[in-house]
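Spelled out from the first residue to the last, the chains are:
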Amino acid sequence: MSGLPDGMALLAWLAWVAGAVLGAGSLVWIWHCGDPARPDRLPLAFASGLGGAACAFAAAFGPDHAAGQIAIMARNLALIAAIFGMFSADGRVASLKPIRPVIIALVLVQLCQPVVLGLQLRGAEFPAVTKAAFDVQMLTDMLVAIGALMLLHNLYAGAADGSRHLLRWSVIGLSGIFAYDLNLATIAYLGGEYPVLLRDLRGLVAGMMGVLFALGMSPAGPRVQFSPSRAVTFRTLSLLLIGSYLALMVLVAKSLPLVGGDFARTAQVLFPALAAGAAVAAFTSPRLRGWLRVTATKHLFQHRYDYREEWLRFTRTIGRAGKGSASLEERAVKALADITESPAGLLLMPNEEAQLELTARWNWPTIAVPAVAGEHLLAGLLEQHNLIIALDEARGGISRQGEIAHLPHWLIEAEDAWAVVPLIHFDRLVGVVVLARPRTPRRLDWEDFDLLRVVGQQLASYLSEQAGQQALMDATRFDDFNRRMAFVMHDIKNLASQLSLLAANAQKHANNPTFRADMLLTLRNSADKLTALLARLGRYGANPVNQLCAVDLAELARNVAKRLGAIHSVVLIREESVRVMANSEALDQVLVHLVQNAIDASEPGMPVCIDITADGLYGTLEVIDTGCGMSPEFVRTGLFKPFVSSKPAGFGIGAFEARELVKAMGGRIAVESREGLGTRFSVVLPLADAVRLLGSAAGGGQEPNAKEVA
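Predicted model only: the values in this text are computed from it and were never measured. (Residues numbered from 1 in each chain as written. Predicted model: local features only at pLDDT ≥ 70, side-chain atom pairs only at ≥ 80, totals over all residues. Heavy atoms only, no water.)

### Points about the overall build of the protein
Consideration 1: Counting its regular elements, the protein contains 24 helices and 12 strands.
Consideration 2: Here the protein holds 710 residues, and the buried ones make up 43% of them.
Consideration 3: A separation threshold of at least 6 residues defines the contact pool for the protein, and within that pool the share at least 24 residues apart is 68%.
Consideration 4: Total accessible area on the protein is roughly 38,100 Å²; 62% of this is exposed by carbon and sulfur atoms. (Helix = DSSP H or I, 4+ residues; strand = E, 2+ residues; numbered from the N terminus. Buried < 20%, exposed > 50% of the residue type's maximum accessible area, 1.4 Å probe, protein only. Contact = heavy atoms within 4.5 Å. Areas by Shrake-Rupley, 256 points an atom, 1.4 Å probe, with all protein chains shown as cover.)

### Observations concerning the packing of aromatic side chains
Consideration 1: Scanning the entire structure with this criterion turns up three aromatic pairs.
Consideration 2: Site record: aromatic cluster; members linked through ring pairs are Trp 311, Phe 314 and Tyr 462.
Consideration 3: The lysine or arginine in question, Arg 668, covers the ring of Tyr 618, its NZ or CZ lying 5.9 Å from the ring centre. (Phe/Tyr/Trp six-rings, centres within 6.5 Å; stacked < 30°, edge-to-face > 60°. Lys NZ or Arg CZ within 6 Å of the ring centre and 35° of its normal.)

### Let's talk about the pairing of strand β11 (residues 668-674)
Consideration 1: By the alternation rule, side chains of β11 split into Ile 669, Val 671 and Ser 673, which are all buried, and Arg 668, Ala 670, Glu 672 and Arg 674, of which none is buried.
Consideration 2: Summarising the sheet, β11 and strand β12 (residues 678-686) pair through seven bridges and their orientation is antiparallel. By the bridge assignment for β12, Ser 673 is matched with Thr 679.
Consideration 3: Where β11 hands over to β12, the hairpin turn is made up of three residues, of which Gly 676 adopts a positive phi near 85°. (Pairing = 2+ DSSP bridges.)

### Topic: unusual backbone geometry
Consideration 1: Positive phi, close to 60°, is recorded for Glu 341, a residue that is not glycine.
Consideration 2: As for its position among the elements, Glu 341 is in the loop between α13 (328-340) and β1 (345-350).
Consideration 3: Here Ala 354, not a glycine, exhibits a phi torsion of approximately 65°, which is positive.
Consideration 4: Classification of Ala 354 by relative accessible area gives partly exposed; the value is 32%.

### Regarding the pairing of strand β9 (residues 608-615)
On a regular strand, each side chain points to the face opposite its neighbour's, so the side chains alternate between the two faces of the sheet.
Consideration 1: Pairing of strand β7 (residues 570-572) with β9, which is carried by three bridges, proceeds in the parallel orientation. Opposite Leu 572, over in β9, you have Ile 610 as the bridge partner.
Consideration 2: With seven bridges joining them, β9 and strand β10 (residues 618-625) adopt antiparallel strand pairing. Directly across from Ile 610, in β10, lies its bridge partner Val 623.
Consideration 3: In sequence, β9 turns back onto β10 through a hairpin of two residues, with Gly 616 there showing a positive phi of about 65°.

### Things to note about the sheet that holds β7
Consideration 1: If you trace the five strands from one edge of the open sheet to the other, you get β7-β9-β10-β12-β11, paired in mixed fashion. Taken across any chain shown, the strands that pair with only one partner, and hence form the sheet edges, are β7 and β11. Taking the axes of each pair of neighbouring strands and ignoring which way they run, one obtains an average angle of 20° across the sheet.
Consideration 2: Judged from the eight bridges that link them, β10 and β12 form a sheet pairing that is antiparallel. Residue Tyr 618 lies in a different strand from β12, and its bridge partner there is Pro 686.
Consideration 3: Sitting on the sheet, helix α19 (residues 553-564) touches β7, β9 and β10, and the angle it makes with β7 is about 160°. (Axes fitted to C-alpha atoms, helices over the stretch in contact; angles between N-to-C directions.)

### Focus: the packing of α19 against helix α20 (residues 584-601)
Axis angle and axis distance: for two packed helices, these are the angle between their axes and the distance between the axes, and together they describe the pair.
Consideration 1: At their nearest, the axes of α19 and α20 sit 10 Å apart, and the two run at 45° to each other. In terms of axis orientation, α19 runs oblique to α20. For α19 against α20, the interelement crossing comes out right-handed. When α19 is examined against α20, the residues Leu 553, Leu 556, Ala 557, Val 560, Arg 563 and Leu 564 are found in contact with a partner set consisting of Leu 587, Asp 588, Leu 591, Val 592, Val 595, Gln 596 and Ile 599.
Consideration 2: A class-by-class count of the residues in the contact of α19 with α20 yields 10 nonpolar, one polar and two charged. (Parallel < 35°, antiparallel > 145°, perpendicular 65-115°, else oblique. Left-handed = near helix turned anticlockwise from the far one by under 90°. Nonpolar A, V, L, I, M, F, W, Y, C, P; charged D, E, K, R; others polar.)

### Re the sheet that holds strand β2 (residues 356-362)
Consideration 1: In spatial order, the strands read β2-β1-β5-β4-β3; together these five strands make up an open sheet with antiparallel pairing. Whereas interior strands pair on both sides, the edge strands pair on one side only; in this sheet they are β2 and β3 (389-390).
Consideration 2: Relative to β2, β1 runs antiparallel, the two being bridged by six bridges. Across the sheet, residue Gly 345 finds its bridge partner in β2, namely Trp 362.
Consideration 3: Helix-sheet contacts for α13 involve β1, β2, β4 (417-425) and β5 (428-436), and the interaxial angle to β2 is about 70°.

### Structural notes on α20
Consideration 1: Here α20 spans 26 Å end to end across 18 residues, near enough to the 26 Å set by a 1.5 Å rise per residue.
Consideration 2: Of the residues that open α20, the one with a side-chain oxygen 3.2 Å from the backbone nitrogen of Glu 585 is Asn 583. (Expected span 1.5 Å × (residues − 1). Polar contact = N/O pair within 3.5 Å; in protein donor to acceptor, adjacent residues only side chain to side chain.)

### Considering helix α8 (residues 202-217)
Consideration 1: Compared with an ideal rise of 1.5 Å per residue, which puts 16 residues at 22 Å, α8 spans 23 Å between its outermost C-alpha atoms and is within 8% of the ideal.
Consideration 2: Counted residue by residue, α8 has 12 buried out of 16 residues, so it is predominantly covered.
Consideration 3: For α8, every residue scored as buried is listed here: Arg 202, Gly 203, Val 205, Ala 206, Gly 207, Met 209, Gly 210, Leu 212, Phe 213, Ala 214, Gly 216 and Met 217.

### Details of the pattern of salt bridges
Consideration 1: Inspection of every chain in the model, using the stated rule, returns 18 salt bridges.
Consideration 2: Of the charged contacts in the structure, one is a salt bridge between Asp 392 and Arg 395, with a shortest N-O distance of 2.9 Å. With Asp 392 and Arg 395 both in helix α15 (residues 391-395), this residue pair falls three residues apart, about one helical turn.
Consideration 3: Residue Asp 392 is classed as partly exposed on the basis of its relative accessible area, which comes to 34%.
Consideration 4: Put simply, Arg 437 and Asp 392 hold a salt bridge, and the shortest N to O gap is 2.7 Å. With a gap of 45 residues between them, Arg 437 in the loop between β5 and α17 (446-509) and Asp 392 in helix α15 connect regions that are remote in the sequence.
Consideration 5: For Arg 437, a relative accessible area of 23% gives the class partly exposed.
Consideration 6: Via salt bridges that share partners, Arg 75, Asp 181 and Arg 202 belong to a single interconnected network. (Salt bridge = Lys/Arg side-chain N within 4 Å of Asp/Glu carboxyl O.)

See the structure below:
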């Protein structure tokens, strides 16, 4: 150590002393606390003691002293014996036969070391002999290290799963010692002398590896798990990459003067440019960072997901409510997409006919979703099997439960669509989340399926709870509304009775014929209006429409267009006669409401269109506008909800009343809307001829109710 500065010499001496202390401590621990049943216990104990002795000799007499080198040779023989003992401890008796020749060869190579050391000592006066002996010594060290590392690799790679945890710490310690010796011998052979820093750290590294022997030999040792968090792992990888870059830069800097010329000058400019480009690509490319993350996760961790972190992030996303935050539906999509690192997603929820409709989007404004996003057969299949669909497999023709036949074309054709995840709550389908393809392409595996199913069930419970709370609030409002309407209907009924009585008395007692006629006309008109109002209020009951007849949709549409055309342009696209089974007054009220809403949503110069068609057993009346449109969330949660209105002065009962009236006539209302593009309301009712034909086929000769057709 005389060639080192005083400070470095002191640090080198302390490293040898620390190695001696750790080696002695490992010997004592293994001897007293090690598992007596382990066949590698004694070899590892002797190896730890001999390593400590070698460090003590190096600290006392210097690292080149013959006693220290002989102790290291004896330690290596003990380590080789420990490897052989671990092969027998693993129970692979058949593998011992081909291992024995390798062990014998390593022992013979190691036993050559004293001869080489003797040649070095005796030929100290002859530099050529000393140099040759040093090279032979380094070559034998490399051969022993390489052979031992190969044996350790075969030992651990071929070990049974149940025995790997017993071998782990011992294999790590042995691999650390031989890998360090291999690097030291290689650098020394190439350089012609020992690298001073690596040589002086040799004892400290061996002592630390001896501590690992002690951990692995203790009965409690295998339960000690080194499980760094993923954040620490990724940061460590980042530091390793930075260190590798610095090492490469040093290597290039040292090599360029040897090359010289124009190539050296070009490399001096090119190297920083390439390094800067690589850094920019790594920091600005989400795809590259995603690939690095997936690759590291695949090779460093037993599980793809850090379940603790995923659960904390899921809880934060769902619980982030308040003014200005996204709706629960959008947060549910984001929470599921974050797990698979999907950049976007959709939430589809079943309507009253079990058809899937778009409810919410998250970061996916470009995908076109039809009004009926999925038929009831698809919803039933997802509900029955709790099936997660990998769309790439479906596109490749792989069908697990026959789902390919029910997947809609828009979902198959959307190349960005990656997976379909059902949200099941108590065996009932609450919704379906469509996830976009992650930036780093990969296939769904069993761990994805398990985690997505569990998270889907949790999301379904949140959505069901919200729906239940909303239904309770609606019921409370309806209760208050019904109480008020009861008082109003009672008062109006009394007034109608009084007016009817007044009209009857006036007819008997009025003396002036002209006055009597005017009074009778006025009173009768008032009574008729009040009676009509009572009938209209009565529709909120259980049987709002009970008189159905054949109604011509074209004639009804012309009348409404004529009435409302004075305030805004209303255009009929087709006027073919289509007769449906309905209540004329109720259907007129529904159409007036839809057209008036379309007028309110449209610009002054943009017409509202009415289209009438017949298809199969049903007639359809469509009201189309090119106004501001509505969001999927409002269509799903607010349009047909009572007391929810998009108008500042709206009462929020019109759309709900229209839907209830159409349902009572045996029909349905469908809505298709896009923000900024417009809205299409479709009123579908059974054709009158179809109702009569079905009534005749029933054999009763009586016209059936329209609900039976619907």
